[in-house]
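Inside the fold
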Amino acid sequence: MYRLHVGIDDTDSPEGMCTTYISCVIIQELKSCGFSLEDHPRLIRLNPFAPHKTRGNGAVTFTVLAESREDLNTVKGIVLEGVEELAELDSERTNPGVVFYTGEITEEMREFALSAIRRILRIEDARRLAERVGAEVHGFKKGRGIIGALAAIGCPLDDSTYELLTYRVPENYGKPRRIDPESVARMDDETGSETFDNIDGDYIAIEPHTPCPILYGIRGESPEVLLRAMEMVRVDEEVERYCIFETNQHTDQHIQDAGRIADMETFGCYRVRGEVIDGPRVIEGGHVFFTLGDDSGQIECGAYEPTKDFRKIILELIPGDVLTVYGGIGAQGTMNIEKIHLERLAELYVEENPICTCGKRMKSAGRNKGFKCPSCGRRLRSSRKVRRALERSVGEGYYEVPTCARRHLSKQLVRMGISSPPSEATESSSTRQSDPLNKKWEDL
Ligand code: ATP
């Protein structure tokens, strides 16, 4: 018996198609020819900052069981034909790659996969590794997809989640999706923490907002819960097919420990500990930034407008706060925050004139002349004001961006077994007397 690992990537364009859909069609064709798959196909998300990604930088891999060399060739033929037929080859940006591999997954392949998730690689890196391990690569056009295809095959899944994807019939591509929002809310309620990121207020997060073939995708901890969830979601259009993928989504596989700020690189994804040096500040468009520092250097961290109320937490930070930031460094060198662990709050205080023994607040007696009580006339020689500690409206603990702004790879606090501490800063603006975000918006 042969185990043939198949990797596929870079088949879609912003105008349509999707590597998961093409894989589903190919898998169905393989099954109808009598082949079976070992386990679920796997959807592997790669570096969210890869410059050539179309959307979520996903690649697909699956393992086909074949009895003879002849079968292996039949499988390869079906896969290549499927990609050639369905990939958006006319789009300049679509450069598919298909990789076949029958050996054991080597340490080098695992490392390559983690590099593709955490760094930026070149097509030559993939070609060289494929040659070393004896993988067969097929690049269409520029063949950039072989990076993702080989990485998907080698990707270790120590932690994983599942995603059930349903697909539309082609005549509905590009049309508004007809998903009953109430049924999604019910499904979210009934499946509890076994599924995640289904809705965010009125926003239906299971629905993509691109013209791709996907109708909706439900994410969760097991294939069983996803099948139950699919039964609960009501749609008013035909579902052509569905498929369940095992995936590295929501595992933080992209996050590497940055020992020091100075060691972090552009397009890398990290967890880094430091102290707020400066900020926070709001810029036009509603993006909030602060400067994080450690002994080695400083980096600007950003909570962008799509992170909505999460920015209110960031606006509560003050210099001296110690925190660990999780996120990735974009082209501008700013760390895009995915979540934070606020570890130590700095003291927030106001400086005031002292209170006299008679109970009245004293007044300045002139520059460097101490204080004088306006009531009993008592004098103090020292000009030093007294500090009064103020209560912080944010507490120590973990905070994450909302569902609508979550990266595919980002591990939710609920998956980490952590709940976000209650904080005044995330109360809805209608229940707050003064909303620091809105106030600063108006100041712009
Ligand atoms: P979809 O998953 O919906 O098909 P996408 O957003 O995944 O679209 P692709 O069309 O797959 O985007 O394009 C991503 C391209 O970038 C692929 O060619 C892939 O091989 C390549 N790539 C992925 N990760 C890296 C990386 N870390 N370094 C360099 N190239 C990468």
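In the annotation of an unreviewed UniProt entry, the entry for the protein chain reads tRNA(Ile2) 2-agmatinylcytidine synthetase TiaS, and the organism field reads Methanothermobacter thermautotrophicus. Per UniProt, the protein chain has the following entry under Sequence similarities (unreviewed entry): "Belongs to the TiaS family." In UniProt, the protein chain has this text filed under Catalytic activity (unreviewed entry): "cytidine(34) in tRNA(Ile2) + agmatine + ATP + H2O = 2-agmatinylcytidine(34) in tRNA(Ile2) + AMP + 2 phosphate + 2 H(+)".

A count of helices and strands for the protein chain gives nine helices and 23 strands. Looking at the protein chain as a whole, 52% of its 444 residues qualify as buried. Partitioning the contacts of the protein chain with sequence separation of at least 6, the portion at a separation of at least 24 is 70%. Carbon and sulfur atoms make up 44% of the accessible area of the protein chain, which totals about 21100 Å². In the protein chain, 58 positive and 73 negative side-chain charges are present, and the distance between their average locations comes to 12 Å.

With respect to spatial proximity, 22 residues lie near the ligand, and among them Asp-9, Asp-10, Asp-12, Arg-55 and Gly-58 are the closest. The contact in question runs from an oxygen atom of the ligand to an N or O atom on the backbone of Gly-58, over 2.6 Å. At 2.9 Å from an oxygen atom of the ligand is found a main-chain nitrogen or oxygen belonging to Arg-144. Here the ligand loses 96% of its free accessible area of 630 Å² to cover by the protein chains.

Once that is clear, we can look at the packing of aromatic side chains. According to the stated counting rule, one finds two aromatic pairs in the structure shown. Summarising the aromatic geometry, the rings of Phe-289 and Tyr-304 are spaced 5.5 Å apart at their centres and angled 90° between planes, so their arrangement reads as edge-to-face. Of this pair, Phe-289 sits in strand β14 (residues 287–294) while Tyr-304 sits in the loop between β15 (297–303) and α8 (310–315), and the two are 15 residues apart along the sequence. By relative accessible area, Tyr-304 is classed as partly exposed at 24%. One Lys or Arg, Lys-339, reaches over the ring of Tyr-326 and ends 5.0 Å from the middle of that ring.

Counting buried positions over the five residues of strand β4 (residues 97–101) gives five, a clear majority of the element. Burial along β4 is two-sided: the face carrying Gly-97, Val-99 and Tyr-101 and the face carrying Val-98 and Phe-100 are both buried. Both strand β1 (residues 2–9) and β4 contribute to a ladder of five bridges, which runs antiparallel. Note that in β4 the partner of Ile-8 across the bridge is Val-98.

Helix packing for two helices is described by the angle between their axes and how far apart those axes are. The N-to-C vectors of helix α4 (residues 123–133) and helix α5 (residues 145–154) enclose an angle of 50°; their axes lie 8 Å apart at closest approach. Here α5 runs oblique to α4, going by the angle between their axes. For the pair α4 and α5, the crossing hand works out as left-handed. Here α4 contributes Ile-123, Ala-126, Arg-127, Leu-129 and Ala-130 to the contact with α5, which in turn contributes Ile-146, Ile-147 and Leu-150. Of the residues contributing to the contact of α4 with α5, the split by class is seven nonpolar, no polar and one charged.

Strand order across the open sheet formed by nine strands is β5-β4-β1-β3-β2-β11-β6-β10-β7, with mixed pairing between neighbours. Looking along the sheet, the strands with just one partner apiece sit at the ends: β5 (136–139) and β7 (195–196). The strands that α5 touches are β1, β2 (36–45), β3 (58–66), β4 and β5; relative to β4, the one it contacts most, it runs at about 35°.

To continue, consider the pattern of salt bridges. Taken as a whole, this structure holds 29 salt bridges when the rule is applied. Here Glu-400 makes a salt bridge to Arg-406, at a shortest N to O gap of 3.2 Å. Linked through salt bridges whose partners overlap, the residues forming this network are Asp-159, Glu-221, Lys-411 and Arg-415.

Within the UniProt annotation, "domain: TiaS C-terminal zinc ribbon" (unreviewed entry) is assigned to residues 353–393. Within the segment residues 353–393, helix and strand shares are 0% and 27% respectively, and the terminal C-alpha atoms sit 24 Å apart.

Among the nonpolar cores identified, the biggest contains 34 residues, and Ile-26, Phe-62 and Val-79 are the most heavily contacted of them. Mapped by element, the contributors of at least two residues to this core are β1, α1 (19–32), β2, β3, α2 (69–86), β4, β6 (161–168) and β11 (239–247). Both of domain 1 (2–154) and domain 2 (161–247) provide at least three residues apiece to this core. Look past the residues within four positions of Phe-62 in its chain and what remains in contact with it is Leu-4, His-5, Val-6, Ile-8, Ser-23, Ile-26, Ile-27, Leu-30, Leu-37, Pro-41 and Val-79. Membership of the second largest hydrophobic core comes to 28 residues, among which are Ala-258, Val-276, Met-335 and Val-394.

Turning our attention to the sheet that holds strand β20 (residues 371–372). Here three strands make up an open sheet; going across it, the order is β19-β20-β21 and the pairing antiparallel. Both outer strands of the open sheet, β19 (363–364) and β21 (379–380), are each paired with one neighbouring strand and no more. Relative to β21, β20 runs antiparallel, the two sharing two bridges. Bridging across to β21, Phe-371 finds its partner in Leu-380.

Most of α5 is tucked away, with ten of its ten residues classed as buried. Of all the positions in α5, only Gly-145, Ile-146, Ile-147, Gly-148, Ala-149, Leu-150, Ala-151, Ala-152, Ile-153 and Gly-154 are classed as buried.

What follows is about the environment of Gly-220. The residue Gly-220 is located in strand β10 (residues 214–220) in this model. By relative accessible area, Gly-220 is classed as buried at 0%. Along the sequence, Gly-220 and Leu-80 sit 140 residues apart, while their C-alpha atoms lie 31 Å from each other. In this structure, Gly-220 is in contact with Thr-161, Tyr-162, Glu-194, Thr-195, Phe-196 and Leu-226, ignoring residues within four places of it in sequence.

The rules behind each value
Residues numbered from 1 in each chain as written. Predicted model: local features only at pLDDT ≥ 70, side-chain atom pairs only at ≥ 80, totals over all residues. Heavy atoms only, no water. UniProt positions renumbered as here; feature names shortened; annotations may be inferred. Helix = DSSP H or I, 4+ residues; strand = E, 2+ residues; numbered from the N terminus. Buried < 20%, exposed > 50% of the residue type's maximum accessible area, 1.4 Å probe, protein only. Contact = heavy atoms within 4.5 Å. Areas by Shrake-Rupley, 256 points an atom, 1.4 Å probe, with all protein chains shown as cover. Lys, Arg positive; Asp, Glu negative; His and termini not counted. Charge placed at Lys NZ, Arg CZ, Asp CG, Glu CD. Near = heavy atom within 4 Å. Polar contact = N/O pair within 3.5 Å; in protein donor to acceptor, adjacent residues only side chain to side chain. Phe/Tyr/Trp six-rings, centres within 6.5 Å; stacked < 30°, edge-to-face > 60°. Lys NZ or Arg CZ within 6 Å of the ring centre and 35° of its normal. Pairing = 2+ DSSP bridges. Axes fitted to C-alpha atoms, helices over the stretch in contact; angles between N-to-C directions. Parallel < 35°, antiparallel > 145°, perpendicular 65-115°, else oblique. Left-handed = near helix turned anticlockwise from the far one by under 90°. Nonpolar A, V, L, I, M, F, W, Y, C, P; charged D, E, K, R; others polar. Salt bridge = Lys/Arg side-chain N within 4 Å of Asp/Glu carboxyl O. Core = buried A, V, L, I, M, F, W, Y, C linked by side-chain atoms within 4.5 Å. Domains from an automatic or database assignment.

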